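# Structure at a glance
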Amino acid sequence: MRVLLLLSLAAAASAQPLTERLFGPETPTGPYKHPASLCVLDNGDLFLVWYGGEGEYASSTAIWSSVRKRGAGSWSAPRKIAQDPLRALGNGVAWQAPDGRLWLFYVVRFGERWSCSRVAVKISEDRGATWSDSTMLVLDEGWMVRGKPIVLSSGEWLVPLYHETGEDRERVGPDTASVFLIHDPRSGSWKKGGRIRSRNGNLQPAPVEIAPSHLIAFCRRGGGYERGERGYIVRAESRDGGRSWSEGADSEFPNPNSAIELIKLSSGALLLVYNDSMHERTPLIAALSNDGGKTFPRRLTLASGNNSFAYPSAAQAADGAIHAVYTSDNRQVIRMATFREEDF
C-alpha cells in the first residue's frame, strides 16, 4: 500500500503541461503577435487567431489565423482574415456557435487610443476557409472584445465585451466597465446586458454559467501599471442571465493589470488561468474549482521564469485535453500549454 501511495504521489508531482512554441518573430505576420484566441472546432481542429503587425499601436495591424488539423502535429501557414484599409485592428476572438458557424469578433480602433474603438464581426460557414464581409457589431465608442461568448441554458448567447474610457494609454478610467451583449439566435435579436462596475474599473470579463441564469464573471482589474499599485481580479455575479450584475469586488487572486481566462470544463469544474503576481505577468497559473467558483484549491503552473506570459485563452477538446494559448517574449511569441484535469 505504501509503495502504491508513493507511486501515486510521484506521478502527481511529475504531471506537467506540454508546452509548444507556435509562432514567433520569424513568422511573417509582423513581430507583434498579441493576444491569441483559441477555439476547438466541431471536427476537432484547433483554430487560432491573433492580431499582428509592427506593434500595439501600429496603423497596419490585421487579424491572422492558423489551423491545426485534428491529430496533426503542425499548424497551417498564417492567413490574413481581417484588415481595415483606414483603421488599425486589435483583439480578435474566434468562437464556433452551436449551429456550426464560426464567428470572428475583433476590435477596430478609430483613433489614437483604445478608448476610441468599436467591435466588428465576420462569419464563416466553412470552419474558417472563407469569410463574410465585415460588419460592425457595436458602434458605441470604447467598446471592445477579448473573451469568447458562452451559450446559456436558455439558448441565448452571452457575448462578453468591455467599455474602456480615459485619455491615457497606460491607465484606463475608473468608469471602465465590463459589459455584455445578449443574442437570441431564435429571434435574431441583440440586446445590451448588464454592466459590471467596480471601484477602480474593470475590463475583459470571462463569464461562466454555474446554474440556470446564475453567472459569475472574473475580470481584469482597472488602473495602471505603476509598481506601487496593488489590485486583484474583480469578481461579479448575475442571477438573471447577465441582464444585471453585482458590484465588482476584489477576489483572492492578484492581478498585474493583465487579462485572465475562466471557462467551464465538460466535468462542470471551472478553470481559471491567471498571473499569480501583483506586478508581473509571470508565473502563469491554472487553477481548478469544483464548487462553482467558491474556491480554487488545485493549481498547475503553465509557465514561469523571467518573461511575460500574458493573455491566456483556453479551450477543451472532446477528448478532455485542455489547450491554453498565451503570448510571451515582449508579445512576439505565441505558445500553447496542453494538459488535462487529472494533471492538477
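As a reminder, the structure under discussion sits directly above these lines.
Summary of the structure given here. It should be emphasised that the depicted structure is a prediction, and the values quoted were computed from it without experimental measurement.

This paragraph deals with the overall build of the protein chain. A count of helical and extended segments in the protein chain gives one helix and 26 strands. What you see for the protein chain is a C-alpha radius of gyration of 19 Å, in line with the 20 Å of a compact globule of 344 residues. Considering only C-alpha atoms, the protein chain reaches an extent of 65 × 45 × 45 Å along its principal axes. Classification of the 344 residues of the protein chain by burial places 58% in the buried group. Sequence separation of 24 or more characterises 50% of the internal contacts of the protein chain that already satisfy a separation of 6 or more. Taken as a whole, the protein chain presents about 14,600 Å² of accessible surface, with 49% of it coming from carbon and sulfur.

On to the environment of Val-172. Relative to the assigned elements, Val-172 resides in the loop between β13 (157–163) and β14 (177–184). Val-172 gets classed as buried once you look at its relative accessible area, which sits at 13%. Distance in space between the C-alpha atoms of Val-172 and Trp-114 is 9.5 Å, their sequence separation being 58 residues.

Looking now at empty space enclosed by the protein. The rolling of a water-molecule-sized probe over the atoms marks out the regions of remaining empty space. This model, assessed by the stated rule, comprises two cavities of 30 Å³ or more. Reported here for the largest cavity is a volume of approximately 70 Å³. What lines the largest cavity is Ser-37, Arg-146, Gly-147, Lys-148, Gln-204, Pro-205, Ala-206, Ile-260, Glu-261, Pro-312 and Ser-313. For the lining of the largest cavity, the secondary structure elements donating two or more residues are β16 (202–211) and β24 (310–316).

Let's shift gears to the sheet that holds strand β26 (residues 333–339). Taken together, the four strands give an open sheet; going across it, the order is β1-β26-β25-β24, and neighbouring strands pair in antiparallel fashion. Two strands close off the open sheet at either side, each with one partner strand: β1 (18–23) and β24. Averaged over all pairs of adjacent strands, the angle between strand axes in this sheet comes to 25 degrees, irrespective of strand direction. The pairing of strand β25 (residues 322–328) with β26 spans seven bridges and is antiparallel. By the bridge assignment, Tyr-326 is partnered in β26 with Arg-335.

Further remarks concern the packing of aromatic side chains. Geometrically, a pair of aromatic rings is defined through the distance of the ring centres and the angle of the planes. Tallied over the full model, the rule gives 16 aromatic pairs. Ring geometry for Trp-103 versus Trp-157: centroids 5.5 Å apart, planes at 90 degrees, classification edge-to-face. With Trp-103 in strand β8 (residues 102–109) and Trp-157 in strand β13, this pair connects stretches of sequence that are 54 residues apart. The exposure class of Trp-103 is buried, given its relative accessible area of 5%. Given a relative accessible area of 3%, Trp-157 falls into the buried group. Geometrically, the ring pair formed by Phe-253 and Phe-296 is edge-to-face, given 5.5 Å between the ring centres and 80 degrees between the ring planes.

Let us look at the sheet that holds strand β23 (residues 298–303). An order of β20-β21-β22-β23 is seen for the four strands of this open sheet, with the pairing classed as antiparallel. For this open sheet the edge positions go to β20 (261–264) and β23, each flanked by a neighbour on one side alone. The mean angle between the axes of side-by-side strands here comes to 20 degrees, regardless of whether they run parallel or antiparallel. In this structure, strand β21 (residues 270–275) lies alongside strand β22 (residues 284–289), joined through six bridges in antiparallel fashion. Note that in β22 the partner of Asn-275 across the bridge is Leu-284.

Let's shift gears to the pattern of salt bridges. By the definition in use, this model includes 21 salt bridges. The partner of Glu-167 in a salt bridge is Arg-113, with the nearest N and O atoms 3.2 Å apart. Of this pair, Glu-167 sits in the loop between β13 and β14 while Arg-113 sits in the loop between β8 and β9 (117–124), and the two are 54 residues apart along the sequence. Among the salt bridges present, the one from Arg-221 reaches Glu-229, with a minimum N-O distance of 3.8 Å. An identical accessibility class is assigned to Arg-221 and Glu-229; each is buried.

What counts and what doesn't
- Residues numbered from 1 in each chain as written.
- Predicted model: local features only at pLDDT ≥ 70, side-chain atom pairs only at ≥ 80, totals over all residues.
- Heavy atoms only, no water.
- Helix = DSSP H or I, 4+ residues; strand = E, 2+ residues; numbered from the N terminus.
- Rg over C-alpha atoms; globule rule 2.2 N^0.38 Å.
- Buried < 20%, exposed > 50% of the residue type's maximum accessible area, 1.4 Å probe, protein only.
- Contact = heavy atoms within 4.5 Å.
- Areas by Shrake-Rupley, 256 points an atom, 1.4 Å probe, with all protein chains shown as cover.
- 1 Å grid on protein atoms, 1.4 Å probe; cavity = no way out; pocket = protein on both sides within 12 Å on 5 of 7 lines; lining within 4 Å.
- Points joined across faces, edges and corners; volume = space filled by probe spheres on them.
- Pairing = 2+ DSSP bridges.
- Axes fitted to C-alpha atoms, helices over the stretch in contact; angles between N-to-C directions.
- Phe/Tyr/Trp six-rings, centres within 6.5 Å; stacked < 30°, edge-to-face > 60°.
- Salt bridge = Lys/Arg side-chain N within 4 Å of Asp/Glu carboxyl O.

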